[in-house]
Amino acid sequence: MSPTSYQTVRLARGRHQSPDQGACVMELASMLASEPFSDHPRTVCPVVGAFLRAYNDGLPDDRRQDLYEYAAKVVGSASSRRVRRARAKRCLTWFSEEIPGARKPSWAALLMAGWTLGSVGRAAARAARSSVTTHESVLQLLDELVEIGRPEGQPAVELESVGAPERLVPHV
């Protein structure tokens with residue numbers, strides 16, 4: 001049997017010891033970035049990573065496979081504190097726009113409560129999983145988060161689907 005690779009791994013819930021057990025979307029990102037197998041790849045923005053880890057784990061298996069391409073899109077998204085803050089602010093704005101009755105909390109309130117930028121991403125994903133928000137709306141938010149801070153003219157790394165996950169191939 002051939003070893004599991006980014007082309008054959010199936011996205012699964014939770015953390016894994018190796019790709020042979022499956023991979024969450026962030027573990028797949030670590031594979032694509034040629035980093036050690038981890039759900040906290042260094043090349044991924046902590047806000048986006050926190051969002052994706054939480055969202056990945058709350059999805060049914062069929063919807064989780066939609067995140068396959070996002071593993072590639074987020075590689076290289078690690079950036080400055082200013083960009084991380086902008087991404088966290090977008091999560092808060094999205095949350096207040098998408099969730100009925102929600103309002104955007106202030107940064108001061110979040111800091112007083114001990115929140116980090118990653119906490120904002122994680123909370124937005126959890127809210128997305130438990131609300132009337134559509135999966136498509138969440139994927140659109142992920143696209144927006146990746147674009148924040150991307151140098152102009154730099155294309156996103158994407159996966160081109162040629163069929164089932166076993167047949168996905170990377171391209172730039």
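Structure first, text after, so check above.
Let me sum up the structure you'll find in this document. Worth saying up front: this structure is predicted, and the values here are computed from it rather than measured.

Criteria and cut-off values
Residues numbered from 1 in each chain as written. Predicted model: local features only at pLDDT ≥ 70, side-chain atom pairs only at ≥ 80, totals over all residues. Heavy atoms only, no water. Patch = residues over 30% accessible without salt bridge, like charges linked within 9 Å, V, L, I, M, F, W, Y side chains within 5 Å. Areas by Shrake-Rupley, 256 points an atom, 1.4 Å probe, with all protein chains shown as cover. Salt bridge = Lys/Arg side-chain N within 4 Å of Asp/Glu carboxyl O. Lys, Arg positive; Asp, Glu negative; His and termini not counted. Charge placed at Lys NZ, Arg CZ, Asp CG, Glu CD. Helix = DSSP H or I, 4+ residues; strand = E, 2+ residues; numbered from the N terminus. Buried < 20%, exposed > 50% of the residue type's maximum accessible area, 1.4 Å probe, protein only. Axes fitted to C-alpha atoms, helices over the stretch in contact; angles between N-to-C directions. Parallel < 35°, antiparallel > 145°, perpendicular 65-115°, else oblique. Left-handed = near helix turned anticlockwise from the far one by under 90°. Contact = heavy atoms within 4.5 Å.

## Things to note about a positive patch on the surface
Part 1 of the argument: Together, Arg 13, Arg 122, Arg 126 and Arg 129 make up a positively charged patch on the protein surface.
Part 2 of the argument: Mapped onto the elements, Arg 13 comes out in the segment before helix 1 (25–32).
Part 3 of the argument: Given a relative accessible area of 60%, Arg 13 falls into the exposed group.

## Re the packing of helix 2 (residues 46–58) against helix 8 (residues 135–147)
Part 1 of the argument: Between helix 2 and helix 8, the least distance of the axes is 11 Å, while the angle of their chain directions is 160 degrees. Between helix 2 and helix 8, the interaxial angle falls into the category roughly antiparallel. Considering how the two elements wind past one another, helix 2 and helix 8 form a crossing that is left-handed. In contact with Val 48, Phe 51, Leu 52 and Tyr 55 of helix 2, helix 8 contributes His 135, Val 138, Leu 141, Leu 142 and Leu 145.

## Overview of unusual backbone geometry
Part 1 of the argument: Phi at Ser 34 is positive, roughly 60 degrees, even though this residue is not glycine.
Part 2 of the argument: Mapping Ser 34 onto the fold places it in the loop between helix 1 and helix 2.
Part 3 of the argument: What makes Ser 34 exposed here is its relative accessible area of 67%.

## As for the side chain of Ser 30
Part 1 of the argument: With respect to the element layout, Ser 30 can be found in helix 1.
Part 2 of the argument: Look past the residues within four positions of Ser 30 in its chain and what remains in contact with it is Glu 35, Pro 36, Phe 37, Ser 38 and Pro 41.

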